[in-house]
Each structure stands twice: as structure tokens, then as C-alpha cells.
Amino acid sequence: MARTVVRPRRKQRSSSGSSSARSLAGNALAEHRLPLAGVGLVLLAAALVNWVTGQINLLGGLRESFVGAVGIGVFVVIGVSILAGMWFLAGARSIGPRSVRRLGGVGVLLLMAVGVAGFLTPGWELGGVSLRETSAGGDLGNWLATPFGALLLLMLAVVASALIDPGRTTRGLAVVWRGAALTVRNAAEKAPTARLPGMGGGDDPWAEDGDWTGPAPEHDPALDEHHLAAVAPSVTVADEKTDVPEAAPEEAGAAAEGDTESDGEEAAVTKPAKGKQRRSNDGWQMPPLSLLKPDAKAARKSDAVRQGEVIVTTLAQFGVDARVIQVDEGPSVTQIGIEPGWEVKTKKVVVRDENGKAMLGEYGQPLTREEEVSRTRVRVNRITRLTNDLALALAAPSIRVLAPVPGKPVVGIEVPNKERRVVSLRGVIESPEFKRMAARGGLPIALGRDVSGQPVVMDLATMPHLLIAGATGAGKSVAINSIIAGLLMQLSPEAVRLVMIDPKRVELTGYSDIPHLAFSHVVTDPDEVVGVLGVVVTEMERRYRRFEHVGARNITAYNNEERAEGPLPYWVVILDELADLMMAAPVEVEQQLVRLAQLARATGIHMVVATQRPSVDVVTGLIKANFPTRIAFATSSQIDARVILDRAGAEKLLGRGDMLFMGQDSIQPRRVQGTFVSDEEINGLIGFWTQDRFKNVPRPTMDHLLEEAKEAAVVRKAEEEEAEKDADRDSLYEDAVELAREHTRISTSLLQRRLRIGYPRAARLIDLLEEAGAVSAAAEGGQSREVLLEKTPLDLATGG
């Protein structure tokens, strides 16, 4: 009987079981592949968040390029990953065409959000890239913010709508097309019977002269608020759109066609607007911001992370524990905030068991452990003493250590940037900080941006005077031009008058024709400066008398007083080179400057004084005491820095607008990169204020007071010379004349014996008699001199 072989069948059964297991595993994987994909997408999104924010220090260059390209669009990628992952985890079984369309529509909408973000430039930093320099949408957002990009965004909106709901989008486009065709057809049918204003006839509400005879339109104040936005206390944005300047309030009746006037009852018809104008409250049209260049938006590669690591490593090499807790990137320097670490003292302690016996090691030696004894903070001076070593490690020409940073518990190490960014005047004027400062009135000044990139704005009316000093080429003249340009951009000639003094004859002479000058020209003659300052002192005293008459304490109260004769403008005296004036007339210039600095603040007269030689004989103690607000540019030595700010630091500045600003209420000077104004911008601004429409505007000047001051100076100089001559005469001069009358010849020894005086005084009396013609000139050999009293008609008794 044959046996049944079961081995092959078992083998077949085993093979069948293995195949079944693989099939089950494959089915399970296929069933759960979407949830697994959802988990992977969520994990990918989390990893991207950590990578973009710098928590994961991998591929730093790729991260900066990625963030610079799309800006906050990186979060679009992260958001899409999270949405897709959550959708997969929520129970999606398959991905059909409808799901793909909707996901694509959401992606297009998020891409549109990146385009909208391209219009924004916030002061954020993402992945080591400053979004202020590019935009919130990166380079992609910048491109989408262009007209072509905006058209593309509109097309993307239609595409997104079509992807999300194709049926409704198609029906909506059809409705829009039919409506447009119907509108064109109706307009074509009505065109032959339409009448234009001024044609007359029938019930046309327009009269023959073009005046509206129908009901007047209702006046909506909200529309005025919408079209008129305040830019400064004396500057508003009007709804006229021409680039032709308005001359003055007196010429408002002769304004060009297109200007708008309203008395609250009638609304005039205006032409379509094509650009915003800036108009002051007193009727002057202000220069447009388009005359100034905006801030450059070029991306700059940040090196702050590497610099922070180098600083921490270098300090650790010298036994100083510290860590980086703050990084502020400015236009010219990066301030790295260092927190001092701890100095820990330890001692070795023998390890003992429960019975108090020393535990032994493998070779019988006692086991020890480190035990902390004390913990103290690292002293700040241990960091400041390593300034040169840090500069060497960073390969920087110089660094500045600020210990501590005012208002922060950190030590600031300011490292120069490899690529410096130009700070434009327009960028600071358009900032919210400047607008808030201008809204409070006064004389707003745009100084620049600090080490964190924030705008630095000040009010000259509260300074109240400004002293600027620095070496040649450090940015002093550019700062003065920036101050003048800022005032010309914001204030009309009725709000501020400028007194410009430029002994160098090259910096301020271009402003000679602007209507803001208090005199008819820029003062360039050093001999004329004393008279100009005298006129300013006279104006100050005149204002004080007017304040006393109405009971006002300062210019603000006087201008708000109903009994005032009229509003008084601010005066700003701009003196470009103090050293030249101190050499020409040191006593008079110092006295007048100190007098104005002490008393002129309340009258609205303020001074901006600059010098490129900050020595003690130019910037005297009296001048420094009355100029609490100072700006120090780069100096050639620490001594000059101490003369300006009473402390060192300015000798380490980088030049080209890098400054230390010391306010009257500041404890530490503030480092600022000054605003830059090019010659092209200055010429455009001067060209605006010197257009033909301003030539007929009355320009009241103080030239007559200047002529009076010159005449008074000539009389005063003659009186001083006469007084000096009288002071030189000796009290024994009349006795010497009487003695000469008694003799035919006279000598120095005779005067010594008879008047009982020394040789120097006797010789001086002989010289005075010779100058008066009483005695002859000195003969050779030292002989006595012949008396000439009977030959001269002069009144010798009086020394004439």
C-alpha cells in the first residue's frame, strides 16, 4: 500500500501562508498610507519651523537664500504642509481630482498672500535676514508688488476661484461679461442725445455759464478727512494733484485752474487728481516726498551669528564666561549684547560612605569630588579690558564696548558691518516716529537710525541748541544739509526763518535764493558775522518785549494769544564753521553766542553750530555749558572726543555719518548713522522753492537792521581805538611837556632825573613826545633831542 506524501503539501501550505501575510501587510500599508503621509507632513512642518527660526543650525546659507527669496512665504509652505497633513489624518481615504483642485486653490490663495506681503517692510528678522531691507514677502513678494505682479495676482485670484469652485466661477465670469456688454450697448444708444455742461436748453441743470442750478450736493466731512491726512502740524495732504507750487496765501485768488476752494456751502468742481500734494495749513504748497530718494531695499547677508560665536569663544579663551542674548543690526554697526557669566569657585572634598569612612579607589587612593564654594558674576571690566583682543579676533578695524547698554542688563559690543547701508532722509521722514514728533509741533529733525535700525528723530525746539563737531570728512556738512532739508520739507517760510553763516563759502551758498532766509543772502564775510549775531540778539529782545505786552512766557503761548499782533516764526541760526569766527573776533562771537544760548530758547530762536576743529580755544567752556545737546562725528584723537562729549568714544567711530548723539537728558551718548542727502536731492529741493511762482512773494528781510549794525560796529570800533589811545598815554605826559618847554634840548636821562622814573617809562614818554611832534627824531649816537614846541600848532598839553 503506497504512503501518502504530505511534505510537499506542507511546503505549499507554508508558501501560501507567507504570501497571505505579505498581502495583508500590503493592504494595511495601502489603507494607512495617507495617515502616515499626514504624520510625515506635520513632522516636516515642525522641522521647517525650527530650521527657519534658527533652532536647527544646518544649511545656514540655504536658509538665508530661502527666506530672502520668499520672506514670510516660508510659513505658506509650512501652512500647506500642516493643512495637508491634518486633512490626511482627519480620515481622507483617497486623493481625487476635486481634492487636488481645492488644495491647489488654497495654495494659490496663499501665494497671493505672499504678493500682498511684498507691499510691507516690517522691522522683523527671520532666519538671519532683515525683512526691512527686502519685504515681508521677500524677493518674490517684491516682484509680485510690481504692476505686472499685481496683474498676475489678479489672474491667480481667478485661477484660485476656478480651482475651488469651477461652476460658480464660470457663471460669475459669464454674468460680468454680459453686464459689460449691456453697459456698452446702452451707452451707445444714449450718446446722440447726451448734453454736456454749458450747452444749455431744456431742463439741463447746467446753466449757460457753467454753474450748477440743481440741488447742491451734500457735504460729507468724512470725505475731507479721507482726502486730507495730517503730515505735520503745518503740513497736510491735499487732494489737488499738480506739481506747480502755490505761492502764498495772498495769491490764493490767482491760483491755477484745478485748485479746490470751499466755503462750506458750495462745492467747486475739480479736475481729476493725478498725484498727492503736501500743503501747509498757512496755504503754502510743500515739496513732494518724491524729491527725496527712498531707502534701498537690497538684502544684506547677516554675519551676526558667527560674530557672536567668535566673541564668546574669545572671551572663554581668556577665562571670561559670557553668552550672547541679544543682537541688534543697524545700518553701519551690529550691537551684540553679551550677558556676563559666573565665576564659580570649587574645592575638592573626600567622598565618604554612610559610616563616615573615606571611600577608596581602585588603587587605594581616596575618592574626591568637586564641591561649589561660591558663585559670583563676572566683572564688566574683565570684558572691557579685552577690547583689542576682540577686535583682533573679529578682524575689525575697531570695536566699541558699551558697558552697560542704557536700560538693558547687557554689555554691548558694537562691531562694524562689512556692508554699510545708506540711511535716506525720506525713509526717516516717512517713519511713524517722525510723524508723531511732527504732530506735536516745533522743529522736527531726522537725525538717522540707531544700532537697531530704529529712526532717531528730535525736536530742535526742545534741544534747544545743537553743537556739531568732528574731523574733516566725517559727515558734519552732510548732517547740516540734512537738517536744513528736513526743515524745508516740513515748514513754510512763514513758519521758520533761517540765518545761514558760512565762512567757508562752499557749503551753504546754494541756499541763497530760498524764501526762508531771514536776510537776503547767506553770510560769508567773517567781519559781518558779529553784526548778524547782533541783529539776532536785537530780534530776541524785541520778542521778549512783545511777550511782556501780552503776558506770554514763550513763543507757543504768544502765537496762541488772541491779543498778539501776529504769529511769530521760528528762527534757526546755522553756523557752519565756528573756528574761523573765533579766530576773527573771539570775544564778540563767544559773548553773543552765549547770550543767545542762555536767553533765546523761549523766543523761538535756536542755533546749530558746527566746527571741524574741536579744541578748547574754539569750543570753550562757556559754549559747552550752554549747548547741552551735542553731536560728535569721528575725531582724530581721544582729546578732541573729550572736548565735545566730555568722554572718549568718538575716536572709534567709522566716519561717513557715524555719530554719537548726546541729548540734554541723556546719560550715555547714542550711536546713530546719520541721514544722507545727495547733491541731486538738495538741488531738487532748492529748485522747488526757487521756482518762478515764488519770485513775486514778498520776502521781508532784516537787511536794514544789518546795515544799522554795521554802522554801529564802525562807530564802536572808532571809540575803542580812541579809548585804547587814551589808555596808552602816561599820567606824567603833561609834566614831560612842561619840562620840554623849559629846555631847548631834552633826553631820556633828563626825564629820569627830573620826574624820578625809570628808564623804560622815560623812553616811552620820549616816544610819545616824538609822535606828537614836540621833539625831533632820535639822532645817531644817542644824543639828546631838540625841542620843537614853538614849531608845532598841536595842543601838546593834551597829547594831541
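In short, a report on the structure. Since we're looking at a predicted model, the values are computed, not measured.

1. Structural notes on the overall build of the protein
Turning to step 1, where the next piece is worked out: Tallying secondary structure elements over the protein gives 26 helices and 23 strands in all.
Turning to step 2, where the next piece is worked out: Out of the 800 residues in the protein, the part that is buried amounts to 41%.
Turning to step 3, where the next piece is worked out: Long-range pairs, those at least 24 residues apart, make up 63% of the contacts in the protein with a sequence separation of at least 6.
Turning to step 4, where the next piece is worked out: Surface accessibility of the protein: about 44,300 Å² in total, with carbon and sulfur atoms responsible for 55%.

2. Observations concerning a nonpolar patch on the surface
Turning to step 1, where the next piece is worked out: Where nonpolar side chains cluster on the molecular surface, the patch consists of Val39, Leu43, Ile82, Met86 and Leu89 and spans about 440 Å² of accessible area.
Turning to step 2, where the next piece is worked out: Within the residue set of the nonpolar patch, elements represented by two or more residues are helix 2 (33–52) and helix 4 (74–89).
Turning to step 3, where the next piece is worked out: Relative to the elements of secondary structure, Val39 occurs in helix 2.
Turning to step 4, where the next piece is worked out: In this structure Val39 comes out as partly exposed when scored by relative accessible area, which is 39%.

3. Remarks on the sheet that holds strand 7 (residues 322–329)
Turning to step 1, where the next piece is worked out: Spatially, 4 strands are ordered 7-8-12-11 in an open sheet, and the strand pairing comes out antiparallel. Looking along the sheet, the strands with just one partner apiece sit at the ends: strand 7 and strand 11 (400–402). The average undirected angle you get between the axes of adjacent strands in this sheet is 25°.
Turning to step 2, where the next piece is worked out: Pairing between strand 8 (residues 333–340) and strand 12 (residues 411–416): 6 bridges, direction antiparallel. In the strand pairing of strand 12, Gly337 is matched with Gly412.

4. Focus: the sheet that holds strand 21 (residues 670–674)
Turning to step 1, where the next piece is worked out: Strand order across the open sheet formed by 9 strands is 14-13-21-20-19-15-18-17-16, with mixed pairing between neighbours. For this open sheet the edge positions go to strand 14 (455–459) and strand 16 (496–501), each flanked by a neighbour on one side alone. Going from strand to strand, the sheet's axes swing by 30° on average, the running direction of each strand aside.

Basis of the calculations
Residues numbered from 1 in each chain as written. Predicted model: local features only at pLDDT ≥ 70, side-chain atom pairs only at ≥ 80, totals over all residues. Heavy atoms only, no water. Helix = DSSP H or I, 4+ residues; strand = E, 2+ residues; numbered from the N terminus. Buried < 20%, exposed > 50% of the residue type's maximum accessible area, 1.4 Å probe, protein only. Contact = heavy atoms within 4.5 Å. Areas by Shrake-Rupley, 256 points an atom, 1.4 Å probe, with all protein chains shown as cover. Patch = residues over 30% accessible without salt bridge, like charges linked within 9 Å, V, L, I, M, F, W, Y side chains within 5 Å. Salt bridge = Lys/Arg side-chain N within 4 Å of Asp/Glu carboxyl O. Pairing = 2+ DSSP bridges. Axes fitted to C-alpha atoms, helices over the stretch in contact; angles between N-to-C directions.

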